[in-house]
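# What the coordinates show
Next come the chains, spelled out residue by residue.
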Amino acid sequence: NLLARGFLVVPTDRKSKAGAPVNGLFAVARAVLHVLAWKEPARAVAVVDRKSRAWPDLLKPQLEALPGVLRALGLTVIETEAEVQTAAAYTKAAVARGDDVVLVGMDKRLAQLVTDSVWWYDANKDARYTPEIVRKRFGVEPAQVGDWLALVGDDDQVPGVEGIGAKGATGVLEKHGTVEAALAKLPELDTRARKAFEAAREALPKPLAHARL
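Here goes a summary of the coordinates provided.

Cut-offs applied
- Residues numbered from 1 in each chain as written.
- Predicted model: local features only at pLDDT ≥ 70, side-chain atom pairs only at ≥ 80, totals over all residues.
- Heavy atoms only, no water.
- Helix = DSSP H or I, 4+ residues; strand = E, 2+ residues; numbered from the N terminus.
- Contact = heavy atoms within 4.5 Å.
- Areas by Shrake-Rupley, 256 points an atom, 1.4 Å probe, with all protein chains shown as cover.
- Core = buried A, V, L, I, M, F, W, Y, C linked by side-chain atoms within 4.5 Å.
- Buried < 20%, exposed > 50% of the residue type's maximum accessible area, 1.4 Å probe, protein only.
- Pairing = 2+ DSSP bridges.
- Polar contact = N/O pair within 3.5 Å; in protein donor to acceptor, adjacent residues only side chain to side chain.
- Phe/Tyr/Trp six-rings, centres within 6.5 Å; stacked < 30°, edge-to-face > 60°.
- Arc of directions from axis to C-beta.
- Salt bridge = Lys/Arg side-chain N within 4 Å of Asp/Glu carboxyl O.

### Considering the overall build of the protein chain
On a plain count of helices and strands, the protein chain comes out with nine helices and six strands. Intrachain contacts of the protein chain at a sequence separation of at least 6 include 64% that bridge at least 24 residues. A total of about 10,700 Å² of accessible surface is found on the protein chain, and carbon and sulfur atoms cover 53% of it.

### Here we look at the nonpolar core
Grouped together as the largest cluster of nonpolar side chains are 42 residues, with contacts concentrated most on Leu103, Trp120, Phe138, Leu151, Ile164, Phe197 and Leu204. Broken down by element, this core gets its largest block of residues, five residues, from helix α5 (residues 145-152).

### Observations concerning the pairing of strand β4 (residues 100-104)
The buried fraction of β4 is high, at five of five residues. Along β4, one buried face is formed by Asp100, Val102 and Val104 and the opposite face, lined by Val101 and Leu103, is buried too. The pairing of β4 with strand β5 (residues 118-122) spans four bridges and is classified as parallel. Note on β5: the bridge partner recorded for leucine 103 is tryptophan 120.

### Topic: the side chain of aspartate 107
With respect to the helices and strands, the residue aspartate 107 is situated in the loop between β4 and β5. Its relative accessible area of 6% is what places aspartate 107 among the buried residues. Reaching out from aspartate 107, the side chain makes a polar contact with the side chain of arginine 109 at a distance of 2.7 Å.

### Observations regarding the packing of aromatic side chains
Tallied over the entire structure, the rule returns four aromatic pairs. Seen in terms of ring centroids, tryptophan 120 and tyrosine 129 are 4.5 Å apart; in terms of plane orientation they differ by 20 degrees. Their pairing is stacked. Judged by relative accessible area, which is 0%, tryptophan 120 ranks as buried. Using a relative accessible area of 4% as the deciding quantity, one classes tyrosine 129 as buried. Centroid distance phenylalanine 138 to tryptophan 148: 5.3 Å. Interplanar angle 80 degrees. Geometry classified as edge-to-face. With a gap of 10 residues between them, phenylalanine 138 in helix α4 (residues 131-138) and tryptophan 148 in helix α5 connect regions that are remote in the sequence.

### Considering helix α8 (residues 191-200)
What α8 keeps buried is the set Ala193, Ala196, Phe197 and Ala200. Projected onto a plane normal to the axis of α8, the buried residues spread over an arc of 95 degrees and lie on a single side. Relative to its buried face, α8 has exposed residues pointing more than 90 degrees away, namely Lys195 and Ala199. Elements in contact with the buried residues of α8: α5, α6 (166-176) and α7 (179-184). Put simply, aspartate 190 is the residue that caps the front of α8, since its side-chain oxygen is 3.2 Å from the backbone nitrogen of arginine 192.

### Some points on the pattern of salt bridges
Enumeration over the complete set of coordinates arrives at 11 salt bridges. One salt bridge connects aspartate 154 with lysine 108, and the closest N-O pair in it is separated by 3.0 Å. Separated by 46 residues along the polypeptide, aspartate 154 in the loop between α5 and α6 and lysine 108 in the loop between β4 and β5 bring together distant segments of the chain. Several salt bridges share partner residues, and in doing so they unite Arg43, Arg97 and Asp99 into one network.

### Structural notes on the side chain of histidine 176
Tracing the chain through its elements places histidine 176 in helix α6. For histidine 176, the contacting residues outside a window of four places in its chain are Ala181, Ala182, Lys185, Glu188 and Leu189.

### What to know about α4
Every buried residue of α4 is listed here: Pro131, Val134 and Phe138. Axial view of α4: buried residues confined to an arc of 55 degrees, hence all on one face. Elements that come into contact with the buried residues of α4 comprise β5, β6 (127-129), α5 and α6. Positive phi shows up at glycine 139, right after α4, with a value of about 80 degrees.

Written out as structure tokens, the structure reads:
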């Protein structure tokens, strides 16, 4: 259970599977209400990006109503193109003041923020992530998820490194901790991983910066 003090950050996501004109709004509202049922937070913020994303045509007509729906649910709405980064900043600020946090969204990058006092709720999978569940899903510690995603890739969010799969990325990070540490010890990598890292060395900083919060 959450402690008496809580903080909820709700980044919306373009992957809502809308099948009708209001299904996207319904999915967001359902996720928020589901989380609020656990324990009413002291503060609740919805982080919304209506400008920079390539929203599907079916969802575009719903965007105008989205902030109003979120405010009606009692959330403060912050609109920004740095959606996930802003959610991370709110999370770190809340933790610094002693709050527990629940992050609601489908972006896998949120997993790296998970701690004993920060949960990530993936509404698409109806899954609540603790550090233990993050380790089971990704094979690495929460703090390493950004590096893991930069190597493996995540749909359209992070491209990944050709030749590095989930098992290979987990093995590299288990041994070396970070991508930079692995690059510093290329001779210690197996042949396949070494060739993949060598080929991607110049390009890696960009996906790493995008994947890490």
